[in-house]
Amino acid sequence: MCKTHVLSVSAAKAPFEKTTIERRPLRPDDVSIAIKFSGICHSDIHSAHGDWEGGIFPMVPGHEITGIVTAVGEKVTTFAVGDRVGVGCYVDSCGECEYCLQGEEQHCTKGYVATYNSLDYDGNPTYGGYSQHIVVSQRFVVHIPEQLALDAASPLLCAGITTYAPLKRWQAGPGKKVAILGMGGLGHVAIQFAHAMGAEVTVLSRAKDKESEAKSFGADHYFSTGDPETFSKLANRFDLILNTVSASIDVDSYLSLLRVDGTLVNVGAPAEPSQYHAFSLILSRRSIAGSLVGGLPETQEMLNYAAEHGITPQIEIIRADQVDEAYERILRSDVRYRFVIDISTL
Ligand code: NAP
Ligand code: ZN
């Protein structure tokens, strides 16, 4: 066992404190990683605040991890000491079910093991990336391409794959009109991917002052959702709306912006259930869908794609003692566009 310093919360909504936990001894297929940066995803807040059921405390959040390999088990073939690596939202799956065999470990029929707030297959709680060190099976570790800095790359491990995967699946590309709803951590990366894929990209945001930044990320159009005219102007326009909003939305209003056969894909995960009118779907044969992060092969593909296309999260680096304040700022949407913890300050 190896002791490591972490930032943890003892109960829902408790402040962060510096504590220590034990990481498991290296197994033959394990990679030991010195964590350098850990992004703060809004899911960390939902989890640490107990928005979703079943929080396991004490909790060490963090699933946007980048760092350097410090040791490898004897059966590790694809990583070596000194490699620049990342770990995302989960750290184990059965490896045998139809979904694992397709590289869609997030749909593992046994249930994947999340990077934190989860129990591993031995029944031990998992602890995430607000930590100096982590031990992860090589199947759940990815290479960070040389072109990507370790700090700016960290949000790609969740925000990146969560937006890249549905944009690809629902074929954002030339000739497609795609709206990105909500311009936060996920949204600002989604704009960059949708633009790189060749879609015509519209941003729908409550904010009135993000237009120039949205356009710098590759948006073609920007509309404020606070302006009622937005909904009449954009009626029946989009093939795809990617909803990245962390709170409940008026689903019918957004469905009305989809053309025939258009799809509203939810990645935002508010605690409350959503409601919509059946006619909002029926009349234009529209669909509502959801998407959960992405599999490991696709995560590596996304990182390589980001490196090739110069896609970089815009980050604000913070110290370990600023995480409580960062959570408050995220809840006020006062973040441009992802806080990343410099783990050397822990
Ligand atoms: P974030 O950085 O806080 O961004 C969320 C954005 O939603 C905000 O910037 C804001 O955009 C908009 N928003 C927030 N509150 C709102 C409200 N009350 N009404 C309307 N719009 C509001 O969060 P994030 O890290 O991008 O995560 C977004 C959501 O995705 C969270 O629920 C998170 O748990 C979820 N998530 C899901 C997955 C998955 O696999 N499906 C993975 C990661 C995260 P504007 O200011 O531009 O309006
Ligand atoms: Zn996340």
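Residues numbered from 1 in each chain as written. Chains lettered and ligands numbered in written order. Predicted model: local features only at pLDDT ≥ 70, side-chain atom pairs only at ≥ 80, totals over all residues. Heavy atoms only, no water.

An unreviewed UniProt entry lists the chain under the name Putative zinc-type alcohol dehydrogenase-like protein, with Paenibacillus cellulosilyticus as the source organism.

Moving on, we get to the domain arrangement of the chain. What the domain assignment lists for the chain is domain 1 (2-155 + 314-345) and domain 2 (160-290). For domain 1 and domain 2, the distance between their C-alpha centres works out to 28 Å. With eleven residues of domain 1 at the contact, the number on the domain 2 side is 16 residues. Counting each side, the surface lost to burial between domain 1 and domain 2 is near 1100 Å², with a carbon and sulfur contribution of 47%. Looking only at domain 1, the three residues that lose the most surface to domain 2 are Gln314, Arg336 and Tyr337, adding up to 48% of its buried area. Here domain 1 is connected to domain 2 by two salt bridges. Note that Arg336 and Glu213 form a salt bridge whose closest N and O atoms lie 2.6 Å from each other. (Domains from an automatic or database assignment. Contact = heavy atoms within 4.5 Å. Buried area = accessible area lost by both parts, 1.4 Å probe. Salt bridge = Lys/Arg side-chain N within 4 Å of Asp/Glu carboxyl O.)

At a minimum axis separation of 10 Å, helix 4 (residues 159-169) and helix 10 (residues 296-309) run at an interaxial angle of 95°. Here helix 4 lies roughly perpendicular to helix 10, going by the angle between them. Of the residues in helix 10, those touching helix 4 at Gly160, Ile161, Tyr164, Ala165 and Lys168 are Glu298, Thr299, Glu301, Met302 and Tyr305. Counted by class, the contact of helix 4 with helix 10 contains five nonpolar, two polar and three charged residues. (Axes fitted to C-alpha atoms, helices over the stretch in contact; angles between N-to-C directions. Helix = DSSP H or I, 4+ residues; strand = E, 2+ residues; numbered from the N terminus. Parallel < 35°, antiparallel > 145°, perpendicular 65-115°, else oblique. Nonpolar A, V, L, I, M, F, W, Y, C, P; charged D, E, K, R; others polar.)

So, on to the UniProt feature "domain: Enoyl reductase (ER)" (unreviewed entry) in the chain. UniProt feature "domain: Enoyl reductase (ER)" (unreviewed entry): in the numbering of this structure it lies at residues 5-341. Taken end to end, residues 5-341 comprises 24% helix and 26% strand; its first and last C-alpha atoms sit 14 Å apart. (UniProt positions renumbered as here; feature names shortened; annotations may be inferred.)

Looking now at the site of ligand 1. The full set close to ligand 1 counts 28 residues, and His42, Ser43, Leu186, Ser205 and Arg338 are the nearest of them. Between Arg206 and ligand 1, the recorded distance is 3.0 Å, taken from a backbone N or O atom to an oxygen atom. Taking 920 Å² as the accessible area of ligand 1 by itself, protein coverage stands at 88%. In terms of residue count, helix 1 (residues 42-48) provides more of the shell around ligand 1 than any other element does, three residues in total. For the shell around ligand 1, a count of residues per class yields twelve nonpolar, 13 polar and three charged. Residues from two domains meet in the shell around ligand 1; each of domain 1 (2-155 + 314-345) and domain 2 (160-290) gives at least three. (Near = heavy atom within 4 Å. Polar contact = N/O pair within 3.5 Å; in protein donor to acceptor, adjacent residues only side chain to side chain. Areas by Shrake-Rupley, 256 points an atom, 1.4 Å probe, with all protein chains shown as cover.)

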